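Take a look at the letters that make up each chain.
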Amino acid sequence: MAHLEAVQKGRNVMLAAVCDRDEGLADRFGRQYDAERIHTDYDAMLADGSVDAVIIATADTFHVPAARRALAAGKHVFCEKPLGVTVEEVEELRADVQSSDLVLQVGHMMRFDPGIQSAHAFVTDEMGEMLALKAWYCDSTYRYIMTDAVQPVTRTGPDALRPPGDRKADLHRYNLLAHGSHLVDLARYLGGPIRSVQARLLERHGAMCWFVDVDFDSGALGHLDLTLQVRMDWHEGLQIYGQHGSVLAKIHNPWYYKSSEVDIFREATGSYSRVLGADGHFYRRQIEAFADVIRSEQAGTPTTMNGASIDDGVASVRALVAIRRSADSGKPVDLADVSGPV
Ligand SMILES: NC(=O)c1ccc[n+]([C@@H]2O[C@H](COP(=O)([O-])OP(=O)(O)OC[C@H]3O[C@@H](n4cnc5c(N)ncnc54)[C@H](O)[C@@H]3O)[C@@H](O)[C@H]2O)c1
């Protein structure tokens, strides 16, 4: 839905190849997006010397094995969120990345929303000490009615490769992986590393609501609200209270490609400002930034990665496991202490 168009439109990338186990899908989308080669065998694509980097947009449980194979083949990796599904596997992947000279970026695309980027710049350069961060990610009962109206028709095929079983059989796990991963990365992007969490989970009338108290390393207080599904419009946003100003953000459903409405209040001027962010194609912007990092390293002038790094990806998986354990036990959980699956 996102990456093929992002690569086709990207200023510094080209689609060398498309791979899907289902030949019909690979052929249809390879042709539609001008891929130079079309594969149904992942290892054959990894053996292709003209492929510099791979985008892994498969089921969550396939991310780490596919990323490790790509690194072993000498390819840079862009991996969809969540990075993985267990602490152990993402730590193994981190070891692989650290022992290579390859780039790995995780698909936390909100880091490339111009509104969220304006908040990040303010927090980093002007706001001073952070007192507190609150963020909420509340999927809507109307979500699919709304996204079906703007997305292309979803295609699949008889040979599409998916893990056995129903991915929504364990809805706690599914919602944390699919949705909670966005919320946790956003909190970390703006609030910095998370030390520990204490989570409560309530299920009523078919909805589930996690309220999570967060201790940031900085000492700031955090509160995260993950609710699926609210009986209202898509509801996502955040507030930050700082020493010299504050941030209020309304985040739109990503498939509208509309930059967040982020109001920044500066005590110094006594006024609010809001960036328009006309280019809200954060899926394309993140791929361009990924390629910029690779190209700058190839040129011997490395640039900082603005996207989510391997360390960010691992930290998000640890936070998701910690939220799940804390909701089960009723106790605070340190991210450093967790193990096992989300
Ligand atoms: N960042 C976002 O906003 C966002 C939005 C939606 C989905 N996602 C993520 O994108 C990922 C993919 O989601 P999806 O719903 O498109 O998955 P999907 O299962 O519908 O599609 C994945 C495709 O990959 C193919 N595939 C899997 N393993 C393969 C292999 N080894 N070789 C060749 N082909 C292989 C399958 O045949 C399938 O067609 C998930 O991790 C999801 O969390 C992110």
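Everything quoted here is computed from the prediction, not taken from an experiment.

Asker: Please clarify how the overall build of the protein should be interpreted in this entry.
Answerer: A tally of helices and strands in the protein yields 10 helices and 14 strands. Relative to the compact-globule value of 20 Å for 342 residues, the protein shows a C-alpha radius of gyration of 20 Å, a close match. Residues classed as buried in the protein amount to 40% of the 342 residues present.

Asker: I tried to follow the sheet that holds strand S9 (residues 221–230) on my own but got confused; where do I start?
Answerer: Strand pairing in a sheet takes place through backbone hydrogen bonds and is either antiparallel or parallel in direction. Ordered by their spatial adjacency, 9 strands build an open sheet running S13-S12-S11-S10-S6-S9-S8-S7-S14, and the pairing between neighbours is mixed. The open sheet has two free edges, formed respectively by strand S13 (271–273) and strand S14 (333–334), since each of these has just one partner strand. In this structure, strand S7 (residues 194–204) lies alongside S14, joined through 2 bridges in antiparallel fashion. Counterpart to Val197 in the pairing with S14 is Val333. Along the sheet, helix H10 (residues 310–329) contacts S7, strand S8 (207–216) and S14; its crossing angle with S7, the most-contacted strand, is approximately 55°.

Asker: Even after reading the chapter, I still don't get helix H8 (residues 171–191), so can you show me in this structure?
Answerer: Because each turn of an α-helix spans 3.6 residues, side chains separated by three or four positions end up pointing in the same direction. The largest bend along H8 measures about 50° and falls at Gly180. Among the 21 residues of H8, 15 are classified as buried, and the element is accordingly described as predominantly covered. Two residues or fewer after H8 comes Gly192, characterised by a positive phi angle close to 85°.

Asker: Please clarify how the environment of Leu71 should be interpreted in this entry.
Answerer: Along the chain, the position of Leu71 falls in helix H4 (residues 63–72). For the pair Leu71 and Asp96, spaced 25 residues apart in the sequence, the C-alpha separation amounts to 7.5 Å. Ignoring anything within four residues of it in the chain, the contact list for Leu71 reads Val77, Asp96, Val97, Ser100 and Leu102.

Asker: Would you mind going over the environment of Lys81 with me for this structure?
Answerer: When you line up the elements, Lys81 lands in the loop between strand S4 (76–79) and helix H5 (87–98). By the C-beta count within 10 Å, which is 23 here, Lys81 ends up buried. Taking the C-alpha atoms as reference points, Lys81 and Ser181, separated by 100 residues in sequence, lie 7.0 Å from one another.

Asker: Is there a simple way to think about the packing of H5 against H10 in this case?
Answerer: Axes are the key here: two packed helices are described by the angle between their axes and the distance separating the axes. Where H5 meets H10, the axes come as close as 10 Å, and the angle between the chain directions of the two elements is 170°. Classified by the angle their axes make, H5 and H10 are roughly antiparallel. Along its contact with H5, which presents Val87, Val90, Glu91, Leu93, Arg94 and Val97, the element H10 presents Ile310, Gly313, Val314, Val317, Arg318 and Val321. In terms of residue class, the contact of H5 with H10 is made up of 8 nonpolar, 1 polar and 3 charged.

Asker: What should I look at first to understand the packing of H8 against H10 in this one?
Answerer: The N-to-C vectors of H8 and H10 enclose an angle of 125°; their axes lie 9 Å apart at closest approach. Regarding the angle of H8 to H10, the classification is oblique. The two elements H8 and H10 meet at a crossing, and its hand is right-handed. For the pair H8 and H10, the contacting residues are His172, Leu176, Leu177, Gly180, Ser181, Val184, Asp185 and Arg188 in the first and Asp312, Ala315, Ser316, Ala319, Leu320, Ile323 and Arg324 in the second. Partitioning the contact of H8 with H10 into residue classes produces 7 nonpolar, 4 polar and 4 charged.

Conventions we followed
Residues numbered from 1 in each chain as written. Predicted model: local features only at pLDDT ≥ 70, side-chain atom pairs only at ≥ 80, totals over all residues. Helix = DSSP H or I, 4+ residues; strand = E, 2+ residues; numbered from the N terminus. Rg over C-alpha atoms; globule rule 2.2 N^0.38 Å. Buried ≥ 20, exposed ≤ 12 C-beta atoms within 10 Å, placed from the backbone. Pairing = 2+ DSSP bridges. Contact = placed C-beta atoms within 7 Å. Axes fitted to C-alpha atoms, helices over the stretch in contact; angles between N-to-C directions. Bend = angle between axes of the 7 residues up to and from the residue. Parallel < 35°, antiparallel > 145°, perpendicular 65-115°, else oblique. Nonpolar A, V, L, I, M, F, W, Y, C, P; charged D, E, K, R; others polar. Left-handed = near helix turned anticlockwise from the far one by under 90°.

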